[in-house]
Amino acid sequence: EIRFQIRADCSFSGGPLPVQVSYTNVCGEPGTAPVDTFLLSPRQPQVAVTKTQIDPPAGGPIDCGANVTWRIEVRNTGPIVVPYVWVEDVLPPGFTYISSTGGVDGGCDQGGLATWEIVGLPLNGTAVLTLTGRSPEAGGPFCSDLTNTVRVWWGCPEGPDGSSCT
């Protein structure tokens, strides 16, 4: 019995693999086996994300002009290490970016869009990110409107640059 483990680059999407086997038997005579084709299916990363308002606690009132902090958890729920994850979180309208933590460099403010780069998210691993924004002052947009969106993508970087801004 011979077992092979095949490693492909990140762009591999599966397909047929033709195999031709040559061998030498116990008497030293060469031989070949007929060509056979195996269908390979890739094991691709699976990433899940959750976002929780932690300060003030979710469901409580938010004062106009007050800071709000969210905890973002990015989990590897798939069968392999995730080489690269990109996270984006859009602050609610009128909110101002204050700070962020996590990722390769603590995150980046891109004018109301917070971004993070995560490299090498291990099997069953979780990356924890935080985002703090200031709600609008009274008279601005509705100061307790917390509708915002966090999105994640995985991929294979061509040499991560260590910056959540690029």
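See the structure printed just above.
Here's a quick rundown of the structure. (Residues numbered from 1 in each chain as written. Predicted model: local features only at pLDDT ≥ 70, side-chain atom pairs only at ≥ 80, totals over all residues. Heavy atoms only, no water.)

### A few points about the sheet that holds strand β3 (residues 47–55)
For clarity, the cut-off: The pairing criterion for strands is at least two bridges between them, as found by DSSP. Strands here are runs of E lasting at least two residues and helices are runs of H or I lasting at least four, both read from the DSSP assignment and numbered beginning at the N terminus. Interaxial angles span 0 to 180 degrees and are taken between N-to-C directions of axes, which are lines fitted to C-alpha atoms, for helices over the stretch in contact.
Across the sheet, which stays open at both edges, the four strands sit in the order β3-β4-β9-β6 with antiparallel pairing between neighbours. This sheet does not close on itself; its edge strands, each paired only once, are β3 and β6 (96–101). Strand-to-strand twist of the sheet, defined as the mean angle between neighbouring strand axes without regard to direction, takes the value 20 degrees. In this sheet, strand β9 (residues 126–134) lies alongside strand β4 (residues 67–76) in antiparallel orientation, the contact comprising nine bridges. Following the sheet pairing, Val68 is matched in β9 by Gly133.

### Examining the sheet that holds strand β10 (residues 149–155)
If you trace the four strands from one edge of the open sheet to the other, you get β7-β8-β5-β10, paired in antiparallel fashion. Where the open sheet ends on each side, the last strands, each with one partner, are β7 (108–109) and β10.

### Quick word on a nonpolar patch on the surface
Convention followed: Exposure above 30% relative accessible area and the absence of a salt bridge qualify a residue for a patch, where like charges join within 9 Å and nonpolar side chains (Val, Leu, Ile, Met, Phe, Trp, Tyr) within 5 Å. Computed with the Shrake-Rupley method and a 1.4 Å probe, the accessible areas treat only the protein chains shown as cover for residues. Here a salt bridge means any side-chain nitrogen of Lys or Arg lying within 4 Å of a carboxyl oxygen belonging to Asp or Glu.
Among the surface-exposed residues, Ile2, Phe4 and Ile6 lie close enough to one another that they form a single nonpolar patch of about 390 Å² accessible area. Among the structural elements, Ile2 can be located in the segment before β1 (15–24).

### Here we look at the packing of aromatic side chains
Operational definition: Working definition: a ring pair exists when centres of Phe, Tyr or Trp rings (six-membered ring for Trp) sit within 6.5 Å. Plane angles under 30 degrees give stacked, over 60 give edge-to-face, the rest tilted. Think of it in three bands: with a 1.4 Å probe and only protein chains considered, a residue is buried below 20% of the maximum accessible area for its type, exposed above 50%, and partly exposed in between. Throughout this description, the term charge over a ring refers to an Arg CZ or Lys NZ atom that lies within 6 Å of the ring centre and within 35 degrees of the ring normal.
Taken as a whole and judged by the stated rule, the model has one aromatic pair. Seen in terms of ring centroids, Trp70 and Phe95 are 6.1 Å apart; in terms of plane orientation they differ by 50 degrees. Their pairing is tilted. Here Phe95 lies in the loop between β5 (82–90) and β6 and Trp70 lies in strand β4, a separation of 25 residues in the sequence. Taken individually, Trp70 and Phe95 each receive the classification buried, so the pair is uniform in this respect. If you follow Lys51 out to its NZ or CZ, it ends over the ring of Trp70, 4.9 Å from the centre.

### Digging into the layout of surface pockets
Vacant regions in the atomic arrangement are exposed by a probe of water-molecule size rolled over the atoms. As a reminder of what qualifies: A 1.4 Å probe that fits into a set of points on a 1 Å grid over the protein atoms alone but cannot get out defines a cavity; an open set with protein on both sides within 12 Å along at least five of seven lines defines a pocket, and lining residues are those with an atom within 4 Å of a point. Grid points are joined across faces, edges and corners, and a volume is the space filled by probe spheres set on the points. Residues are sorted three ways: Asp, Glu, Lys and Arg are charged, Ala, Val, Leu, Ile, Met, Phe, Trp, Tyr, Cys and Pro are nonpolar, and all the rest, Gly among them, are polar.
Empty space within the largest pocket amounts to approximately 560 Å³. Residue lining of the largest pocket: 18 residues in total, with Ile6, Arg7, Ala8, Arg43 and Ile80 positioned closest to the centre. Partitioning the lining of the largest pocket into residue classes produces twelve nonpolar, three polar and three charged. Estimates place the volume of the second largest pocket at around 160 Å³. Looking at the second largest pocket, the residues that line it are Phe4, Gln5, Ile6, Leu17, Val19, Phe38 and Leu40. Split by residue class, the lining of the second largest pocket holds six nonpolar, one polar and no charged.

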